[in-house]
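# A look at the structure
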Amino acid sequence: MTANLNAEGRSTERYLRQDRLPHIWCSGCGIGIALDAFLRAIDRADIDPDKLSVVSGIGCSGRAAGYVKLDSFHTTHGRAIPFATGLLLGNPELNVVVFSGDGDLIAIGGNHLIHAARRNIDMTVICVNNFNYGMTGGQVGPTAPLDARTTTTPYGNFEPPFNLPYLASASGASYVARWTVLHARELERSMAEAMTKPGFSFIEVISPCPVVYGRMNKEPKGLDSMHYYQERSVIRDGTDPKEANIELNGPILVGKFVDIQRPTLWDNLRHVSNKAREKVRAQAKV
Amino acid sequence: MNGDLACAEAAISAGCRFFAGYPITPASETAERMSIRLPQVGGVYIQMEDEFASMNAVLGASWAGVKAMTATSGPGFSLMMENIGLGVMLETPCVVVNIQRAGPSTGLPTMVGQGDMMQARWGSHGSYEIIALAPSSPQDIFDLTILAFNLSEKYRVPVLVMSDEVVGHMSEKVTMPRVAPEDLIHRPRPHLGPEEYLPYKANADLVPPMAVAGEGYHFHVTGLTHDERGYPVMTAEAQDRLVRRLADKIRFNKHDIIRYKEFQVEDADIVVCAYGISVRIAQLAVRMARDEGIRAGLLQLITVWPFPEERIRELSLQAKAFIVPEINYGQIVLEVERCAGGRAKAILVPHMGGSVHSPQTILEAIREAEL
């Protein structure tokens with residue numbers, strides 16, 4: 001991965017653990033681009049890197065935490081969000097970003113995702129969706145479109161997928177966006193917005209997985225696979241996330257779908273803490 | 001005050017400022033008490049969506065620099081196992097309280113059991129060492145919860161407080177001494193700057209100093225096998241170095257960790273070895289046996305893991321039998337048998353759960369062993 005320059009022409013290399021490169025991602029995979037967009041977004045949003053933590057679960061995208069020169073946590077499968085919840089509640093000054101994949105965040109970790117959105121905890125979740133379990137060899141995931149072929153759906157997927165922006169938004173997320181990896185500038189902008197936005201932000205990044213999912217579904221190879229996703233996408237900011245379902249070879253709605261204000265978990269928690277302390281003070285007077 | 005509440009008050013005294021949990025009988029009272037107390041002292045209580053989340057939130061809070069705990073019972077303890085393993089691997093100080101009920105599965109949710117003792121030792125996958133303490137009274141759970149926080153901070157390991165439903169729900173007088181700052185142990189902290197600091201380079205006691213999130217160290221931690229930098233290394237050599245150290249930091253320091261109490265063992269032919277609520281009944285059985293002229297004594301296990309092997313070995317040279325009453329079908333008795341090495345018999349007095357032993361059943365086992 002070559003680190004790109006950010007808007008001010010500064011390299012993102014200083015946010016990478018150079019001594020851990022090369023990374024494990026396959027050629028043609030989009031996770032590195034998503035990670036680079038995130039690193040550029042740190043500067044764009046003017047986030048203090050000392051106060052920024054990255055938490056990942058398990059899987060290809062889950063390896064992101066291992067490459068960033070930030071406080072970074074590579075946790076167990078599906079559990080990045082509750083780990084990040086503990087970090088944030090332990091120290092509200094932290095800016096916490098969960099960077100992981102669709103299998104990790106939506107299947108095994110799906111319950112944590114919807115509850116974190118419901119709480120509106122001040123966290124950004126970057127979910128790289130490559131429609132399958134890449135690291136374990138391309139098995140079907142809860143995001144694989146109906147009829148998609150994977151190593152465990154050899155006759156085509158017989159389960160409908162989750163629509164992730166709809167799921168996040170219905171669960172209470174304050175900010176929801178989706179882009180493909182070739183929308184690198186839009187991704188960077190969305191990530192910067194998400195990191196500075198109070199409350200729960202969810203960004204879905206559509207990435208090709210050319211080595212397993214792409215091959216099984218006869219998608220173009222290498223850079224062409226990225227173009228294939230970009231060309232299928234239709235930018236429609238503000239669209240109802242309900243409309244954002246992805247069908248095999250169908251159009252992919254992208255854009256910023258949700259950007260609303262709701263009290264965050266900390267807003268509500270501070271209110272409760274104040275009440276508890278007032279009660280203690282009142283009792284002390286009696 | 002009952003044991004569950006004493007546990008919560010002890011945690012506050014120990015400086016715990018974060019609790020994440022999920023409602024479960026018979027541990028919910030600890031959570032409820034923490035939900036009252038933590039906001040009063042500037043801490044955070046949160047009810048998570050399940051025990052996976054609870055355990056991970058506890059680990060996350062600890063990495064934010066806060067003393068953190070959870071409390072649960074059998075079914076929840078099972079769900080926490082995966083991430084107790086993560087806590088071991090990342091070397092994360094935290095306390096997990098298990099108010100044991102009778103299993104397997106949903107079992108007897110409101111009634112006592114001691115069936116999770118081996119799960120406490122071996123429940124997460126892989127090879128590791130853990131610390132587990134067993135309180136026998138509400139006072140004990142107060143004292144041992146503070147000890148649990150101290151040991152977890154000192155050795156950077158999750159410490160399990162293996163209580164049970166009867167200890168959790170019984171009300172007795174609890175003396176809550178003012179805990180002075182010098183009574184509390186804090187995790188070792190880095191003395192080097194971010195450029196030199198290696199997150200898993202251990203001190204002489206095999207415990208590495210711990211930086212926490214937000215201090216500018218930009219450290220990496222992972223559940224993968226890792227080197228001193230915290231970087232994943234997928235080799236047998238790295239595995240050997242790491243797994244040995246994780247176990248040895250407990251094994252080599254066991255003299256500092258292990259605690260037990262003895263009653264009338266000096267001249268005992270028969271040693272009752274008990275833990276948790278069973279200690280209380282065993283005390284009575286030993287007294288009854290002494291009244292009959294049997295030289296019986298009691299060894300109360302306070303630290304169950306690491307197991308007090310050496311003391312059992314010593315006593316096996318003097319006693320002819322160990323009587324082990326357990327509210328399960330034989331767990332700790334296997335450890336006693338191993339350490340007794342055939343020099344003394346290890347006799348299980350099992351109880352499948354739902355109530356405690358009667359002193360009579362333990363007394364009968366003592367009498368039989370004496371013959």
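To be clear, the structure that these remarks concern was listed above.
Our subject in this report is the structure included herewith.

Another aspect to go through is the overall build of chain B. The secondary structure content of chain B amounts to 13 helices and 14 strands. Its C-alpha atoms give chain B a radius of gyration of 21 Å, within 12% of the compact-globule value 21 Å for 371 residues. Across its three principal axes, chain B shows a C-alpha extent of roughly 70 × 45 × 40 Å. Across the 371 residues in chain B, those meeting the buried criterion constitute 57%. Across chain B, the fraction of contacts at a sequence separation of at least 24, relative to all contacts at a separation of at least 6, is 75%.

Below, the discussion takes up the packing of helix α1 (residues 3–13) of chain B against helix α2 (residues 28–40) of chain B. Residues and elements named next belong to chain B. Two numbers describe how α1 lies on α2: the axes approach to 8 Å, and their chain directions differ by 40°. Here α2 runs oblique to α1, going by the angle between their axes. The crossing of α1 and α2 is right-handed. Of the residues in α2, those touching α1 at Asp 4, Leu 5, Cys 7, Ala 8, Ala 11 and Ile 12 are Glu 29, Thr 30, Arg 33, Met 34 and Arg 37. Classifying every residue of the contact of α1 with α2 gives 6 nonpolar, 1 polar and 4 charged.

Each side of the interface is counted separately: chain A has 35 residues, and chain B has 38 residues. Put simply, the parts of the chain that give the side of chain A that touches chain B at least two residues each are β2 (71–74), α2 (80–90), α4 (110–119) and α9 (265–285) of chain A. Here the side of chain A that touches chain B takes 8 residues from α2 of chain A, the largest share from any one element. Taken together, the residues of the side of chain A that touches chain B break down into 13 nonpolar, 14 polar and 8 charged. With 3 bridges joining them, β2 of chain A and strand β8 (residues 220–222) of chain B adopt parallel strand pairing. Paired with His 74 of chain A across the bridge in β8 of chain B is Thr 222 of chain B.

Before going further, it helps to spend a moment on the environment of Gly 216 of chain B. Locating Gly 216 of chain B in the fold gives a position in the loop between α7 (165–169) and β8. The partly exposed category is assigned to Gly 216 of chain B, around which 13 C-beta atoms lie within 10 Å. Each C-alpha atom of the pair Gly 216 of chain B and Gly 193 of chain B lies 9.1 Å from the other, and the pair is 23 residues apart in sequence. Residues in contact with Gly 216 of chain B, not counting those within four places in the same chain, are Asp 50 of chain A together with Pro 194 of chain B.

Before going further, it helps to spend a moment on the nonpolar core. Ile 126 of chain A together with Val 272, Phe 322 and Ile 323 of chain B are the most contacted members of the largest nonpolar core, which has 210 residues in total. Of the domains in this structure, domain 1 (3–183) and domain 2 (262–370) of chain B are the two that each give at least three residues to this core. Discounting chain neighbours no more than four positions away, the residues touching Ile 126 of chain A are Ala 34, Phe 38, Val 97, Val 98, Phe 99, Met 191, Ile 203 and Val 205 of chain A.

Each value, and the rule that gives it
- Residue positions are given per chain, counting from 1 as you read along its sequence in written order.
- Written order determines the labels here, with chains lettered from A and ligands numbered from 1.
- Given that this is a predicted model, residues contribute local features only at a pLDDT of at least 70 and side-chain atom pairs are listed and counted only at 80 or more, while totals for whole chains, interfaces and linings are drawn from all residues.
- Runs of H or I in DSSP of at least four residues are treated as helices and runs of E of at least two as strands, each being numbered from the N terminus.
- Between the two quantities, the radius of gyration covers C-alpha atoms and the globule rule is 2.2 Å times the number of residues to the power 0.38.
- Once C-beta atoms are placed from the backbone, each residue is buried if 20 or more other C-beta atoms lie within 10 Å of its own, exposed if 12 or fewer, and partly exposed for counts between those two.
- The contact criterion used is a C-beta to C-beta distance within 7 Å, with each C-beta placed from the backbone.
- Inter-axis angles, ranging from 0 to 180 degrees, are taken between N-to-C directions of lines fitted to C-alpha atoms, where helices are fitted over the stretch in contact.
- For this classification, under 35 degrees means roughly parallel, over 145 means roughly antiparallel, 65 to 115 means roughly perpendicular, and everything else is oblique.
- Crossings are sorted by hand: turned counterclockwise from the far helix by less than a right angle, the near helix makes the crossing left-handed, and turned clockwise it makes it right-handed.
- Only Asp, Glu, Lys and Arg are considered charged, only Ala, Val, Leu, Ile, Met, Phe, Trp, Tyr, Cys and Pro nonpolar, and every remaining residue, Gly among them, polar.
- The pairing criterion is simple: DSSP has to find at least two bridges between the two strands.
- A set of buried residues drawn from Ala, Val, Leu, Ile, Met, Phe, Trp, Tyr and Cys, joined through C-beta atoms within 7 Å, is what defines a nonpolar core.
- How far each domain reaches was decided by an automatic or database domain assignment.

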